[in-house]
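Topology and contacts: notes
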Amino acid sequence: MTLQINGVSKRFGGLKAVHEVTTSIGNCTIHSIIGPNGAGKTTLFNLVTGALAPDAGKVYFDGKDITGWAPNRLAGIGIARTFQRTSIFKDLSVQENVALAVRSRRGMNQSILRSASLEAEISDEVYAILDNVGLMGRATMKAGALAHGIQRALDIAIGLALKPRIVLMDEPLAGMSRGDRETVAGIIIKLKEDLGLTVVVVEHDVGMVMRLSDTITVMQHGMIIAEGTPAAIRENEAVKNAYLHGSFAA
Ligand SMILES: Nc1ncnc2c1ncn2[C@@H]1O[C@H](COP(=O)(O)OP(=O)(O)OP(=O)(O)O)[C@@H](O)[C@H]1O
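Residues numbered from 1 in each chain as written. Predicted model: local features only at pLDDT ≥ 70, side-chain atom pairs only at ≥ 80, totals over all residues.

For the protein, an unreviewed UniProt entry supplies the name ABC transporter ATP-binding protein and the organism Hoeflea algicola.

Next up, the structure:
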């Protein structure tokens, strides 16, 4: 088990956005969190990734209490998140973006970065990361010139530069064409199968979640209403009711 969430709660005024949520994320799995609008998915994501501190409950990573840790401290122990609004430097090339992230992890001085070349000791690592997300052929392109879906791939590459053990993604498929969603879904599967990473995904695309996930947690009104394999979730009556019988055709 990688991540353990124990009785975590968060209120906004009188609203119980997340209420006594307990779940665990298995090692080397794709674990998705779904639920109707306002279910508390993003709040739970923020509680685990350090953007918010819980009012109650604990979060453990490999048995270590990480409750309320800030994102950079979490990154230091191998917990990475990707951003819906990307953290890409659009005027730098794809490889320079990844190199900056690698340098940052290594604590190297970023001011010596030259736009046309990468230092030898980090270039191998940069190319290995680009290969993992299918960006080798675009290494020298300006990041800002990449198509939307490909920018998401670069975002994931920047996350990989932290050498994470677990990557948490908030709506990685949002606002994308069908083709781009397939591309990003393929990368997510590769992270698990080729790199042995654990991936946690908050996502609205239920059809894709069904295809990708080992385990799905379904939230409604701040609580978990169901958890299990895609097949089990598809048949779950509480889940069908939560989605008003509409979303599980895929
Ligand atoms: N900073 C905040 N202040 C006040 N209320 C908030 C805040 N963030 C979230 N909420 C409320 O908490 C509840 C859960 O929101 P959250 O964004 O976690 O749900 P969600 O499942 O991610 O929804 P969506 O699918 O629409 O993104 C909602 O009622 C939301 O309005």
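From this point, the narrative continues.
Comments concerning the overall build of the protein
The secondary structure content of the protein amounts to 9 helices and 10 strands. Since a compact globule built from 250 residues should have a radius of gyration of about 18 Å, the 18 Å found for the protein is in line with a globular shape. Taken over the C-alpha atoms alone, the protein extends approximately 55 × 40 × 30 Å along its principal axes. For the protein, with 250 residues in total, the buried portion stands at 42%. Taking all contacts inside the protein whose residues are at least 6 apart in sequence as the whole, residues at least 24 apart take part in 66%. (Helix = DSSP H or I, 4+ residues; strand = E, 2+ residues; numbered from the N terminus. Rg over C-alpha atoms; globule rule 2.2 N^0.38 Å. Buried ≥ 20, exposed ≤ 12 C-beta atoms within 10 Å, placed from the backbone. Contact = placed C-beta atoms within 7 Å.)

Looking at helix 6 (residues 178-193)
Taking 1.5 Å of rise per residue, the 16 residues of helix 6 would be expected to cover 22 Å, and the 22 Å separating its terminal C-alpha atoms lies within 8% of that figure. Those residues of helix 6 that sit buried are Arg181, Val184, Ala185, Ile187, Ile188 and Leu191. Considered in projection along helix 6, the buried side chains sweep an arc of 155 degrees and stay on one side of the axis. Seen from the open side of helix 6, the exposed residues pointing more than 90 degrees away from its buried face are Arg178, Gly179 and Glu193. Buried positions along helix 6 lie against strand 3 (30-34), helix 5 (148-160), strand 7 (166-170), strand 8 (198-202) and helix 7 (206-212). (Expected span 1.5 Å × (residues − 1). Arc of directions from axis to C-beta.)

Re the sheet that holds strand 1 (residues 3-12)
Judged by pairing direction, the sheet is antiparallel, and its 4 strands sit side by side in the order 2-1-4-5 without closing on themselves. Two strands bound the open sheet, and with one partner strand each, they are strand 2 (15-25) and strand 5 (64-65). Bridge analysis of strand 1 against strand 4 (residues 56-61) gives 5 bridges, and the strand direction is antiparallel. Opposite glutamine 4, over in strand 4, you have tyrosine 60 as the bridge partner. (Pairing = 2+ DSSP bridges.)

A word on the sheet that holds strand 9 (residues 215-220)
Spatial ordering of the open sheet is given by 6-7-8-3-9-10, a layout of 6 strands whose pairing is mixed. A strand with exactly one partner marks an edge of an open sheet, and here the two such strands are strand 6 (79-82) and strand 10 (223-228). Going from strand to strand, the sheet's axes swing by 20 degrees on average, the running direction of each strand aside. Direction of pairing for strand 3 relative to strand 9: parallel, over a ladder of 4 bridges. (Axes fitted to C-alpha atoms, helices over the stretch in contact; angles between N-to-C directions.)

Overview of the pairing of strand 4
Where strand 4 and strand 5 come together, 2 bridges link them in antiparallel fashion. Looking across to strand 5, one finds that tyrosine 60 is bridged to aspartate 65. Counted between consecutive antiparallel strands, the loop separating strand 4 from strand 5 contains 2 residues, among which aspartate 62 sits at a positive phi close to 50 degrees.

Remarks on unusual backbone geometry
At glutamate 20, a residue that is not glycine, the phi angle is positive and equals roughly 50 degrees. Of note, the phi angle at cysteine 28 is positive, near 55 degrees, even though the residue is not glycine. Examined against the element boundaries, cysteine 28 turns out to sit in the loop between strand 2 and strand 3. Judged by the 16 C-beta atoms lying within 10 Å of it, cysteine 28 is partly exposed.

Things to note about the confidence of the model for the protein
Averaged over all residues, the pLDDT of the protein is 89; the fraction at 70 or higher stands at 90%. Our summary of model confidence lists the complex with pTM equal to 0.90 and ipTM equal to 0.96. (pLDDT = per-residue confidence, 0-100.)

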